[in-house]
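Chain and residue survey
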Amino acid sequence: MAKLSAINKNNKRIKLSNKLYKKRRMLKKVIMDKKISFEDRFKAQQKLAQLPRNSAKVRVRNRCQITGRPHGVYRKLKISRIALRQLGLEGKIPGMVKSSW
C-alpha cells in the first residue's frame, strides 16, 4: 500500500488538471498561433505561467486504484500488475486463469 499522502496529492492533481484543462488548452492554442501578435501571445504565456503547476496533465501519476502503487500499472485497467494477479488468482476477473506449463 502506498503512502496515503502520495495518493491524496495525486488525486488533488487530477482534480486540478481536469478543472483547468480547457483554460490551459485555450492559452496554449493562443501561444502557438503565429498569426496573433507577439504581445498577445506573450500575455497568454504569462497567464499560463500564473496557473498552478499541478494543473498540468503531465504532473499526474498513473497509480493503481486498489493499492495506490505507482509502478507497473496497466493503463486500460488502472490496476497494478500485482493487484491484477491477485484478482486473477481469486477468480474475480472473468476469463483469467493462472498459467502453468
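All of these numbers come straight from a predicted model, not from anything done at the bench.

Scoring rules and cut-offs
Residues numbered from 1 in each chain as written. Predicted model: local features only at pLDDT ≥ 70, side-chain atom pairs only at ≥ 80, totals over all residues. Heavy atoms only, no water. Salt bridge = Lys/Arg side-chain N within 4 Å of Asp/Glu carboxyl O. Buried < 20%, exposed > 50% of the residue type's maximum accessible area, 1.4 Å probe, protein only. Helix = DSSP H or I, 4+ residues; strand = E, 2+ residues; numbered from the N terminus. Contact = heavy atoms within 4.5 Å. Axes fitted to C-alpha atoms, helices over the stretch in contact; angles between N-to-C directions. Parallel < 35°, antiparallel > 145°, perpendicular 65-115°, else oblique. Left-handed = near helix turned anticlockwise from the far one by under 90°. Nonpolar A, V, L, I, M, F, W, Y, C, P; charged D, E, K, R; others polar. Expected span 1.5 Å × (residues − 1). Arc of directions from axis to C-beta.

**Observations regarding the pattern of salt bridges**
Across all of its chains, the model carries one salt bridge by this definition. Here Glu90 makes a salt bridge to Lys92, at a shortest N to O gap of 3.3 Å. Residue Lys92 is classed as exposed on the basis of its relative accessible area, which comes to 58%.

**Things to note about the environment of Lys78**
In this structure, Lys78 sits in the loop between β1 (73-74) and β2 (79-80). By relative accessible area, which is 48% here, Lys78 ends up partly exposed. Counting along the chain gives 15 residues from Lys78 to Arg63, while the straight-line C-alpha distance between them is 7.0 Å.

**Let's talk about the side chain of Ser17**
As for its position among the elements, Ser17 is in helix α1 (residues 4-19). Once you skip the residues sitting within four places of it in the chain, Ser17 turns out to touch Asn54, Ser55, Ala56, Lys57 and Val60.

**Comments concerning the packing of helix α2 (residues 21-32) against helix α3 (residues 38-50)**
Between α2 and α3, whose axes approach to 8 Å, the crossing angle comes to 150 degrees. In terms of their interaxial angle, α2 and α3 are classed as roughly antiparallel. The two elements α2 and α3 meet at a crossing, and its hand is left-handed. Facing Arg24, Leu27, Lys28, Val30 and Ile31 of α2, the residues of α3 in contact are Asp40, Arg41, Ala44, Gln45, Lys47 and Leu48. Of the residues in the contact of α2 with α3, the class split is five nonpolar, one polar and five charged.

**What about α3?**
In this model α3 runs 18 Å from its N-terminal to its C-terminal C-alpha over 13 residues, within 8% of the 18 Å that 1.5 Å per residue would give. All of the buried residues along α3 are Arg41, Ala44 and Leu48. Projected down its long axis, α3 shows its buried positions confined to an angular sector of 60 degrees, all on one face. Exposed side chains of α3 directed beyond 90 degrees from the buried face belong to Phe38, Glu39, Lys43, Lys47, Ala49 and Gln50. Check the buried side of α3 and you find it contacts α2.

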